[in-house]
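Residue-level structure breakdown
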Amino acid sequence: MVILETKGLSKSFGAVTAASEINVVINEGEVVGVIGSNGAGKTTFINMVTGYLKPSEGTIYYRGKNITGLSPRKITRAGICRSFQIAQLFKELTTLENMVIAFRMLENKRLGGFAPLLTEKSVEQSLKELKEYGIDEYSDAVVATLPQGVRKLLDIAMALAGQPALLLLDEPTSGVAIDEKFDLMDTVMNAVNRTGAATLFVEHDMEIIEKYATRVIAFYDGSIIVDAPTSEAMVHPDVKEYIIGTELHRHTEESLDNV
Amino acid sequence: MLSQDTTSRNLWIAMCAFVLLAFFLPNWLSFLTTVALAKGLVVLGLVLLMRTGLVSFGQGLYYCLGGYVVGILGTYLGVTDVAILLVITIVSSIVISFLLGLLLCRYREIFFAMLTMAFSMILYGILVKSEIFGSTDGFNIEPASLMGWHPAIESLGTWIYLFTVMLTFLFLQGMHRYFRSPLGFAGKAIRENEIRVEYLGVSPKKVILLKYVIAAVLAAVGGALTAMVAGHVDPEMAFWTTSGEFVFIALLGGITHVAAPIIGAIIFEIIRTFAFDLAPYSWQMILGGALLLIIFFLPNGLWSLLPTRKSGGSL
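Residues numbered from 1 in each chain as written. Chains lettered and ligands numbered in written order. Predicted model: local features only at pLDDT ≥ 70, side-chain atom pairs only at ≥ 80, totals over all residues.

A short note on the overall build of chain A
When helices and strands are tallied, chain A shows 9 helices and 10 strands. For a compact globule of 259 residues, the expected C-alpha radius of gyration is about 18 Å, and chain A comes in at 19 Å, within 12% of that figure. Overall size of chain A, expressed as C-alpha extent along the three principal axes, is 55 × 50 × 35 Å. Across the 259 residues that make up chain A, the buried fraction comes to 45%. Considering only contacts in chain A between residues 6 or more positions apart, those separated by 24 or more positions represent 67%. (Helix = DSSP H or I, 4+ residues; strand = E, 2+ residues; numbered from the N terminus. Rg over C-alpha atoms; globule rule 2.2 N^0.38 Å. Buried ≥ 20, exposed ≤ 12 C-beta atoms within 10 Å, placed from the backbone. Contact = placed C-beta atoms within 7 Å.)

Quick look at the sheet that holds strand β8 (residues 198-202) of chain A
Residue and element names in this part refer to chain A. Strand order in the open sheet formed by 6 strands is β6-β7-β8-β3-β9-β10, and the pairing between neighbours is mixed. Whereas interior strands pair on both sides, the edge strands pair on one side only; in this sheet they are β6 (80-82) and β10 (223-229). Taking the axes of each pair of neighbouring strands and ignoring which way they run, one obtains an average angle of 15° across the sheet. Strand direction decides the pairing type here: strand β7 (residues 166-169) and β8, joined by 4 bridges, are parallel. (Pairing = 2+ DSSP bridges. Axes fitted to C-alpha atoms, helices over the stretch in contact; angles between N-to-C directions.)

Topic: the sheet that holds strand β1 (residues 2-13) of chain A
Strand pairing in a sheet relies on backbone hydrogen bonds, with the paired strands running either antiparallel or parallel. Pairing within the open sheet is antiparallel, and its 4 strands lie in the order β2-β1-β4-β5 (chain A). The sheet is open, and its two borders are formed by β2 (16-27) and β5 (65-66) of chain A, each paired with just one other strand.

A look at the environment of A118 of chain B
Residues and elements named next belong to chain B. Here A118 lies in helix α5 (residues 109-129). For A118, a count of 13 C-beta atoms within 10 Å translates into the label partly exposed. In this structure the C-alpha to C-alpha distance between A118 and L162, which are 44 residues apart in sequence, comes to 35 Å.

Let's talk about the packing of helix α2 (residues 27-51) of chain B against helix α9 (residues 204-230) of chain B
Each pair of packed helices can be summarised by the angle the axes make with each other and by the distance between the axes. Residues and elements named next belong to chain B. Remark: α2 packs on α9, axes separated minimally by 7 Å, with the N-to-C direction vectors making an angle of 170°. Regarding the angle of α2 to α9, the classification is roughly antiparallel. Counted together, F31, T34, V35, A38, K39, L41, V42, L44, G45, L46, L48 and L49 of α2 and K211, Y212, I214, A215, A216, L218, A219, V221, G222, L225, T226 and V229 of α9 form the full contact between these two elements. Among the residues forming the contact of α2 with α9, the class breakdown is 18 nonpolar, 4 polar and 2 charged. (Parallel < 35°, antiparallel > 145°, perpendicular 65-115°, else oblique. Nonpolar A, V, L, I, M, F, W, Y, C, P; charged D, E, K, R; others polar.)

In structure tokens form, the structure reads like this:
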């Protein structure tokens, strides 16, 4: 079953075209990796699908319904949730409070009423969830004090709290130490498998793409150049030339920076 | 994890103490306390907005609205029953704040502050030009009554004091529950990260609109009570310095605890009364000095004096 389909999706900012003619079909339960160098249009794509940016042209269908131009709020309520390249959290609140708020807000009910937010039940539910991500030891810590990896996990946990049908992860492993990336992705994919959500994740690390994605969409200069099963995409000449090449280059640069 | 909530109980105890005080307080002090509690209510609303990351420099609008509703109904239309006055005050503040809120909920930070101030200055301008309502002098208000009962003028102050105490603590109880409710947390969430709130499927604008209306009701009730106890209203209630005073009290008390605005208001009134007594021509300097000291040494208001509980807590 098709869960998301975009037709001729384009976005330009003045004279700059960030995305042009993006046609993507995502099926229920699929795990799709999105690759491409910086500025290739990956985040623009996610931003358009989740309503943060309004496409200049084209339409987005979610389960056959046109959702183009809806607000992020309505798209979230429809069942598409996302995480962010830079974790978007409530910094002055604790990890636990962040999680409880996410659950409560995504419940799809009105927020009204005078009953306390933090009850034994809601706290227990959130602690259990934090435990699934292995970050329950941070439950009482204020988010501003958390290490980067924990923030990324919390960000994703909050996105998944609404049991979305489609999850979009924008660089889930960015800013995380190389040796922690696989652990983080294992945790995330376990959580995703529990909910059965179709997942699309943006990633620069080809090893992670190869391990977790069943299909790869490669962006270059605002367009999709390859959309194929992972094993095929990884050896595709265009991917090699335009993306893996630049990726290697990027890694070299990063390592040089670290020296 | 879940801390025991003692605030509600403490508020009931404090209310009993205030009621008992009615028998001991000299007139000037019960007058001062009534005004302080009424202003505390206005500040409670302001604090609600500040917890959402918004500072209103125009709560004087609703403070004045409440005062003039009581004044106009009492003096020009002969309605003096406190229950009716209160209901009309609340309804009119809801209507006006809802309409203005539809516009204001789109703005943040300095733009929100300036717009709220602009609206209150518009009311000030209208009232100053309204000769029928005494222009800048304002007018005196008929004494309040309750279901046909007109208390003697000598005891009126005490009755209004008791009425104010009851109302204040009922609102405090309500707001305490509100702060702990999902909507209360939504305010903090909006202050911290509006984007995430959107992506959790909640409209920050709607939440802000609701908070703005609640703050307006609190301010209008505060204004109505002030008018009843002072027996007089004038356009100064909507002037920006009055709104500034509320911001001052909010900074003095802090936004951590639901009772902070009330304590801040009482201390403010005491400082002002004695400063005025001490230096009739330069009392503002004493207030200004006090504000400077607070900003330097107590950035979280008087609550900075208490030992801080572990983060999170039951704010």
